[in-house]
2 protein chains.
Amino acid sequence: MHSLGEYFDEFTHRDWQTRDPTAVSDTVRIAVVGLGWFTREWALPGIERSGFTEATVAIDIDPDAVATVADEHDLIGLTPEKFRNGVASEAYDAVYVATPNATHLEYAEIAADQGAALLCEKPLEASLDRARRLVTICDDADIPLMVGYRMQTDPAVRRLKELLRGDFIGDVLHIHGTMSQTMLGELGEETGQWRLDPDLSGGCALMDIGIYPLNTTRFILDADPTEVYGHTRSAHDPFEEVDEHATFQLRFPDDVRALCSVSQNAQHASRLEITGTDGQLILDPAFYEREARELTLVRDGVESEIEFDPVHQLEEEFAYFGHHLLTDTNFVPDGEHALADMRVLDAVYESAATGTPIAVE
Amino acid sequence: MHSLGEYFDEFTHRDWQTRDPTAVSDTVRIAVVGLGWFTREWALPGIERSGFTEATVAIDIDPDAVATVADEHDLIGLTPEKFRNGVASEAYDAVYVATPNATHLEYAEIAADQGAALLCEKPLEASLDRARRLVTICDDADIPLMVGYRMQTDPAVRRLKELLRGDFIGDVLHIHGTMSQTMLGELGEETGQWRLDPDLSGGCALMDIGIYPLNTTRFILDADPTEVYGHTRSAHDPFEEVDEHATFQLRFPDDVRALCSVSQNAQHASRLEITGTDGQLILDPAFYEREARELTLVRDGVESEIEFDPVHQLEEEFAYFGHHLLTDTNFVPDGEHALADMRVLDAVYESAATGTPIAVE
């Protein structure tokens, strides 16, 4: 157990990073695929800030985006075709994929062909079957695969997990997770649009938003759901073909229950509340990269709110990616880890379609 | 729509009370049955403060409790047998019943026999069948029956309901309700004990605690659940025979979902969070008579926390009861209203036993 002083001093420290200053002297060079809002606003700055990574190549189906980003960041700009043909493949060690979900597989194939490490955005693909193929391709080519769960390297989440492990709130009983936004308002019509196409996204509220409370809960509990029960709902144009809103319930081992609601068309909010026999841990706001997290600890009625200088979540994620590649360390959020989410999401959609709880294998 | 000034000025006003000062000049005289912790700490002070009620008679199976309370409040003390035989029946107009759930029916029979109005604590009885019999007895005797849902006369809940009706948060999408306590620690071994006996209580976490988020959600939505899905869990001695923890999900018309967790053996907490297309309404703390409520309004990202001098919830409840009897006005929380809760609780226990969602008729 930390002393109170150490707890404050080390709140944002990277517990996953080697303390040997000579262990990492290089940087991982990254080809960035998909130059949408998130890549430009968050991933590229994260790569530049991380210390263990640098962007060298930019790829997109939109030549204007490639020209703009390559110019702004001094990168080699490529079309997907040139990228596939190995043009400039000597300029990168790893590939970051932040394209619509259903195109992750094709870019994973390119990374595998070239023996480059892969950092793939979540959800891993648009369907469980395609996600499995993606993992197999990386396994067969023996390339390292990490999936971009930015919450897992956020200090608030890591400290929360430590408190759970340290029995700070006793036995965990139930968890409530909520996350909502007005997708088209907050991300813009253009950025939001592909998520409305089920062929490209595989689903909307659950795939894009539901994965946050789902994966964060799995991460902090260090456990996987054994049964799910879920509902989806679409009330408004233009969400006819995908889930606009969803609720789902996860059953974890020891009968812990997580009750979650997500929406792509509601008041912006996010919260994760864990109740145990002896305390509560509350992250609110919880899940948005563009908001500071605040962690509330409650134990035996004594309450403490912890506010801290927010980390740049993508700086932390890329630092973890680069550091682990350079030190030859396995990723926690690897392909198998991401497939567990895909199985759960698949089961929630099945539960929503059938109206019954579904066991997760 | 109120002006902002009126909103503050009228936040705690009794919107259910007649504005005619001459309409009510009498008081309702109440026989109080069941002299446990809640009656002594909350109900008797509420009766004394309400202005429309006064306690005149005290009944309990424990003669020491009767003697102590009768002496302290200057009441006529009776054994249940004398009460049943109509001793001092000319001294009360109404009966308040705050005994273990499975004994409500026998005291309702006495009130019915004597033509006295009845304010019965919730849950209405220990089983749906007995609750139905209780309502039938009151109907047949044509005595007014109100059920003690103290949240319904709390100004925070009434203002919250007005905001929902006034479309303050747009379409309601999902609701999260949590309520937990350490029953034996907070209420004391003696007070808590009967809730551990399924013959007396009919259940524990759901019957005693789950009814708060359930009924408050029904009240604010003005709607009843059409389907439920629930789980119960008992991990610790002495909760072997009843539900120590429970989670349940309620489906309301328009596909609104309420996700609730309750516990009799967890960190004390309570919260009700309603998310809509355009805003959120949050009551936290929400459900305990011994805590002030705080209401947070969020609309289009603008947030406002409303703190106010807490009302005495039992003063408000008894004022409503007395006022409505004296003005010959129907109660909103009447027998039929309470039976809807009993049907839902029955369905949640059935869902927990079968592992499947259950339609509520």
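Given the structure is predicted, the values throughout are model-derived calculations rather than measurements.

Novice: Help me out: how do you make sense of the overall build of chain A in this one?
Specialist: Scanning chain A for helices and strands turns up 13 helices and 15 strands. Relative to the 2.2 N^0.38 estimate, which gives 21 Å for 361 residues, the radius of gyration of chain A is 20 Å and therefore close to what a compact globule would have. Oriented by its inertia axes, the alpha-carbon framework of chain A measures out at about 60 × 55 × 40 Å. Each of the 361 residues in chain A was classed as buried or not, and the buried ones make up 60%. Restricting the contact set of chain A to residue pairs at least 6 apart, pairs at least 24 apart contribute 69%. In chain A, which carries 26 positive and 68 negative side-chain charges, the distance between the mean positions of the two groups comes to 2 Å.

Novice: Honestly, a negative patch on the surface in this entry has me stumped. Any pointers?
Specialist: Together, A:D167, A:D171, A:D254, A:D278 and A:D300 give the surface a local cluster of negative charge. A relative accessible area of 41% places A:D171 in the partly exposed class.

Novice: How should the sheet that holds strand 14 (residues 302-307) of chain B be read in this particular structure?
Specialist: Backbone hydrogen bonds hold the strands of a sheet together, and the pairing may be parallel or antiparallel. Residues and elements named next belong to chain B. Pairing in this open sheet of nine strands is mixed, and the strands run 14-13-12-11-7-10-9-8-15 from one edge to the other. Edge positions in the open sheet fall to strand 14 and strand 15 (358-359), since each of these has one partner strand only. The sheet strands contacting helix 7 (residues 155-165) are strand 7 (172-182), strand 11 (265-276), strand 12 (279-283) and strand 13 (294-299), and the helix crosses strand 12 at an angle near 170°.

Novice: Quick question: what am I supposed to make of the relation of the copies chain A and chain B here?
Specialist: Copy one and copy two of the chain differ by a rotation about a common axis and a shift along it. Mapping chain A onto chain B calls for a rotation angle of 180° and an axial translation of 0.0 Å; the resulting RMSD is 0.0 Å. Taken together, these values place the two copies in the relation of a two-fold axis. Comparing interface residues between copies, 100% of those in chain A also sit at the interface in chain B, which points to an isologous, same-surface contact.

Novice: Teacher, can you tell me more about the pairing of strand 9 (residues 245-251) of chain B here?
Specialist: All names here are of chain B. Of all seven residues in strand 9, six are buried, a share of seventy percent or more. As defined by bridge partners, strand 8 (residues 227-233) adjoins strand 9 across seven bridges and the pair is classed as antiparallel. The residue of strand 9 that forms the bridge with H231 is T247. If you look at the hairpin formed by strand 9 and strand 10 (residues 257-263), you'll find five residues sitting between the two strands, and D254 has a positive phi there, around 65°.

Novice: Would you mind going over the sheet that holds strand 8 (residues 227-233) of chain A with me for this structure?
Specialist: Residue and element names in this part refer to chain A. The mixed open sheet is built from nine strands, whose spatial order is 14-13-12-11-7-10-9-8-15. The two strands at the open ends of the sheet, each matched to only one other strand, are strand 14 (302-307) and strand 15 (358-359). Where strand 8 meets strand 15, two bridges bridge the pair, whose relative direction is antiparallel. Bridging across to strand 15, E227 finds its partner in A359. Of the strands in this sheet, strand 8, strand 9 (245-251) and strand 15 touch helix 13 (residues 335-354), which is tilted by about 65° from strand 8.

Novice: What is the right way to look at the interface of chain A and chain B in this model?
Specialist: Frequently, the measure chosen for interface size is the accessible area removed from exposure when the parts meet. Counting residues at the interface gives 46 residues for chain A and 46 residues for chain B. Counting the surface lost from both chain A and chain B, the interface buries some 3,100 Å², and carbon and sulfur atoms represent 53% of this. The largest contributions to the chain A side of the interface with chain B come from A:Y229, A:R233 and A:Q267, which together make up 21% of the buried area. Here chain A is connected to chain B by zero salt bridges. Our count for the contact surface shared by chain A and chain B stands at 15 residue pairs in polar contact (both at pLDDT 80 or more).

Novice: Looking at this model, I keep getting lost on unusual backbone geometry. Mind explaining?
Specialist: All names here are of chain A. For the bond from D284 to P285, the omega torsion is 0°, close enough to zero to count as cis. Even without a glycine there, the phi angle at D222 is positive, about 55°. If you check the backbone angles, D300 has positive phi at about 50° while not being a glycine.

Novice: What should I look at first to understand the side chain of B:R195 in this one?
Specialist: The topology assignment puts B:R195 in the loop between helix 9 (189-193) and helix 10 (198-201). In contact with B:R195, not counting residues within four places along its chain, are B:M183, B:L187, B:S201, B:G203, B:C204, B:D208, B:V242 and B:Q264.

Novice: What's the story with the side chain of B:H73 in this structure? I'm lost.
Specialist: By the secondary structure assignment, B:H73 is in helix 3 (residues 63-73). When neighbours within four sequence positions are excluded, B:H73 is seen to be in contact with B:L44 and B:E48.

Novice: Please explain the pattern of salt bridges as it appears in this structure.
Specialist: Pairs can form between side chains of opposite charge whenever their charged atoms are close. All names here are of chain A. A complete count under the given rule lists 48 salt bridges over all chains for this structure. A salt bridge links R159 to D15; its shortest N-O distance comes to 2.6 Å. Of this pair, R159 sits in helix 7 (residues 155-165) while D15 sits in the loop between helix 1 (4-9) and strand 1 (28-33); the two residues are 144 residues apart in sequence, bridging distant segments of the chain. R159 gets classed as buried once you look at its relative accessible area, which sits at 2%. Note on D15: relative accessible area 33%, which makes it partly exposed. The salt bridge involving K122 is made with E121; its shortest N-O contact spans 3.3 Å. Classification of E121 as buried rests on a relative accessible area of 8%. Several salt bridges share partner residues, and in doing so they unite R14, R49, E315 and E316 into one network.

Novice: What is the right way to look at the packing of helix 5 (residues 104-114) of chain A against helix 6 (residues 128-141) of chain A in this model?
Specialist: Describing two packed helices takes the angle between their axes plus the distance from one axis to the other. All names here are of chain A. Between helix 5 and helix 6, whose axes approach to 9 Å, the crossing angle comes to 5°. One element, helix 5, and the other, helix 6, form an angle in the roughly parallel class. Contact residues: H104, L105, A108, E109 and A112 in helix 5; R130, R133, L134, I137 and A141 in helix 6. Taken together, the residues that form the contact of helix 5 with helix 6 break down as six nonpolar, one polar and three charged.

Novice: Is there a simple way to think about the environment of A:L281 in this case?
Specialist: All names here are of chain A. Within the secondary structure layout, L281 lies in strand 12 (residues 279-283). Overall, L281 belongs to the buried group, its relative accessible area being 0%. When the C-alpha positions of L281 and F168 are compared, they lie 9.1 Å apart, and in sequence the two are 113 residues distant. Setting aside residues no more than four positions away along its own chain, L281 makes contact with L160, L163, L164, F168, I169, L272, E273, I274, T296 and L297.

Novice: Would you mind going over the pairing of strand 5 (residues 117-120) of chain B with me for this structure?
Specialist: Residues and elements named next belong to chain B. Neither face of strand 5 is open: one carries A117 and L119, the other L118 and C120, and all of them are buried. By the bridge criterion, four bridges tie strand 4 (residues 94-97) to strand 5 in an arrangement that is parallel. Bridged to A94 within strand 5 is A117. Considered for its hand, the β-α-β crossover made up of strand 4, helix 5 (residues 104-114) and strand 5 is right-handed. In the sheet, strand 5 pairs with strand 6 (residues 145-147) via three bridges, with the strands oriented parallel. Of the residues in strand 6, the one forming a bridge with L119 is M146. Handedness of the β-α-β unit built from strand 5, helix 6 (residues 128-141) and strand 6 comes out right-handed.

Quick notes on the rules
Residues numbered from 1 in each chain as written. Chains lettered and ligands numbered in written order. Predicted model: local features only at pLDDT ≥ 70, side-chain atom pairs only at ≥ 80, totals over all residues. Heavy atoms only, no water. Helix = DSSP H or I, 4+ residues; strand = E, 2+ residues; numbered from the N terminus. Rg over C-alpha atoms; globule rule 2.2 N^0.38 Å. Buried < 20%, exposed > 50% of the residue type's maximum accessible area, 1.4 Å probe, protein only. Contact = heavy atoms within 4.5 Å. Lys, Arg positive; Asp, Glu negative; His and termini not counted. Charge placed at Lys NZ, Arg CZ, Asp CG, Glu CD. Patch = residues over 30% accessible without salt bridge, like charges linked within 9 Å, V, L, I, M, F, W, Y side chains within 5 Å. Areas by Shrake-Rupley, 256 points an atom, 1.4 Å probe, with all protein chains shown as cover. Salt bridge = Lys/Arg side-chain N within 4 Å of Asp/Glu carboxyl O. Pairing = 2+ DSSP bridges. Axes fitted to C-alpha atoms, helices over the stretch in contact; angles between N-to-C directions. Least-squares fit on C-alpha atoms with pLDDT ≥ 70 in both. Buried area = accessible area lost by both parts, 1.4 Å probe. Polar contact = N/O pair within 3.5 Å; in protein donor to acceptor, adjacent residues only side chain to side chain. Parallel < 35°, antiparallel > 145°, perpendicular 65-115°, else oblique. Nonpolar A, V, L, I, M, F, W, Y, C, P; charged D, E, K, R; others polar. Right-handed = clockwise from strand over helix to strand, strands pointing away.

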